[in-house]
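A look at the structure
Below are the chains, spelled out letter by letter.
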Amino acid sequence: MEPIQTTPDLSAYLAADEVIDHGHPRVRETAGLLAKEAADSYDYARLAFDFVRDTIPHSQDSGDPRVTWRASDVLEQRTGICYAKAHALAALLRAEDIPTALCYQRFDVVHGLVAVRLDGAWHRQDPRGNKPGVNARFSLGRERLAFTPDHAAGEADYPELYAAPHPKVLDVLKAATDRPHLWQTLPTAL
């Protein structure tokens, strides 16, 4: 699959907005701590990925009923589903001037992840969080995502790289009263 930028201007993938609020003090503080440990941009991206994947539990796995969608809230409350965790990772990467896109896959519902631009190419990363049967890793080579779509079963990788969350995703996150409600309204396609 060849990724497709929905916005030709690469600077859009560095921008802040209400969701990817990388100017927020919580995001800046976390980015600063991670940057102190990093030798270069690749190392920083890997550290940020590991941080989001490993220290922010996926709310479905942990049973947390809260719904987060803004990157700073995900980092502060330490919970989120795949979309929210992707927003947090995008904010941390953009905070250190690493272009980052939001992208999606379709299974029973739409799944969110990111693509990071390093070494002149886009590389998809899935910070969802590992559990039995899920072993996502940061990689600029072969993809190490949480899930692989079964194309014969109608599952899909969406090739589009978005600078901001897809409106269908953001709408359901904002409207959800809690995670059980969110689970009933997750988009099944984009």
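Shown above is the structure to which this text applies.
Computed from a predicted structure; not experimentally measured. (Residues numbered from 1 in each chain as written. Predicted model: local features only at pLDDT ≥ 70, side-chain atom pairs only at ≥ 80, totals over all residues. Heavy atoms only, no water.)

1. Regarding the packing of helix H1 (residues 25-37) against helix H2 (residues 41-55)
This is how the line gets drawn: Lines are fitted to the C-alpha atoms to define the axes, a helix being fitted only along its stretch in contact, and any angle between axes, read from their N-to-C directions, falls within 0 to 180 degrees. By the criteria applied, helices consist of DSSP H or I runs no shorter than four residues and strands consist of E runs no shorter than two, each listed in order from the N terminus. An angle below 35 degrees is treated as roughly parallel, one above 145 as roughly antiparallel, one from 65 to 115 as roughly perpendicular, and anything else as oblique. The hand of a helix crossing depends on one turn: near helix anticlockwise from the far one by less than a right angle means left-handed, and clockwise means right-handed. Contact criterion: two residues are considered in contact whenever any of their non-hydrogen atoms come within 4.5 Å of each other. Basically, the charged four are Asp, Glu, Lys and Arg, the nonpolar ten are Ala, Val, Leu, Ile, Met, Phe, Trp, Tyr, Cys and Pro, and anything else, Gly included, counts as polar.
At a minimum axis separation of 9 Å, H1 and H2 run at an interaxial angle of 130 degrees. By the angle class used here, H1 and H2 are oblique. Of the two possible hands of crossing, H1 and H2 adopt the one that is right-handed. Note on element contacts: H2 touches H1 through Asp 43, Tyr 44, Leu 47, Ala 48 and Phe 51, opposite Thr 30, Ala 31, Leu 34, Ala 35 and Glu 37. Considering only residue class, the contact of H1 with H2 consists of seven nonpolar, one polar and two charged.

2. Some details on the sheet that holds strand S5 (residues 156-157)
Each strand in a sheet pairs with its neighbour through backbone hydrogen bonds, running either in the same direction (parallel) or in the opposite one (antiparallel). The test is simple: Here, a strand pair is defined by DSSP locating no fewer than two bridges between the strands.
Here we have four strands laid out as an open sheet, ordered S4-S3-S2-S5, and antiparallel in their pairing. The open sheet is flanked by strand S4 (121-125) and S5, the only strands paired with a single partner. The pairing of strand S2 (residues 100-106) with S5 spans two bridges and is classified as antiparallel. Following the sheet pairing, Arg 106 is matched in S5 by Ala 156. The strands touched by helix H5 (residues 82-95) are S2 and strand S3 (110-118); relative to S3, the strand with the most contacts, the crossing angle is about 15 degrees.

3. Examining the pattern of salt bridges
Formally: A pairing counts as a salt bridge when a side-chain nitrogen of Lys or Arg comes within 4 Å of a carboxyl oxygen of Asp or Glu. Exposure categories follow from relative accessible area, calculated using a 1.4 Å probe and restricted to protein chains: below 20% of the type maximum is buried, above 50% is exposed, and the middle band is partly exposed.
This structure, assessed with the given rule, holds 11 salt bridges. Two residues, Arg 66 and Asp 64, come together in a salt bridge whose shortest N-O distance is 2.6 Å. Asp 64 gets classed as buried once you look at its relative accessible area, which sits at 15%. The structure contains a network of salt bridges with shared partners spanning Asp 43, Arg 46, Asp 50, Arg 53 and Asp 54.

4. What to know about the state of the cysteines
Going by this rule: Disulfide: a pair of cysteine sulfur atoms within 2.5 Å of each other.
In total, this model carries zero disulfides according to the counting rule given. Left without a disulfide partner, Cys 82 is nearest to the cysteine sulfur of Cys 103, which lies 11 Å away. Taking relative accessible area as the criterion, Cys 82 reaches 8% and is therefore assigned buried.

5. Brief notes about the environment of Lys 36
Topologically, Lys 36 is positioned in helix H1. The spatial distance from the C-alpha of Lys 36 to the C-alpha of Phe 147 is 31 Å, given a sequence separation of 111 residues.

6. Some points on the environment of Ala 31
Mapped onto the secondary structure, Ala 31 falls in helix H1. Classification of Ala 31 as buried rests on a relative accessible area of 0%. Contact partners of Ala 31, with chain neighbours within four places excluded, come to Tyr 44, Leu 92, Ala 95 and Glu 96.

7. What about the pairing of S4?
Looking along a regular strand, one sees side chains alternate from face to face of the sheet. With four of its five residues buried, S4 lies for the most part within the structure. Sheet analysis places S3 next to S4, joined by five bridges and oriented antiparallel. The residue of S4 that forms the bridge with Arg 117 is Trp 122.

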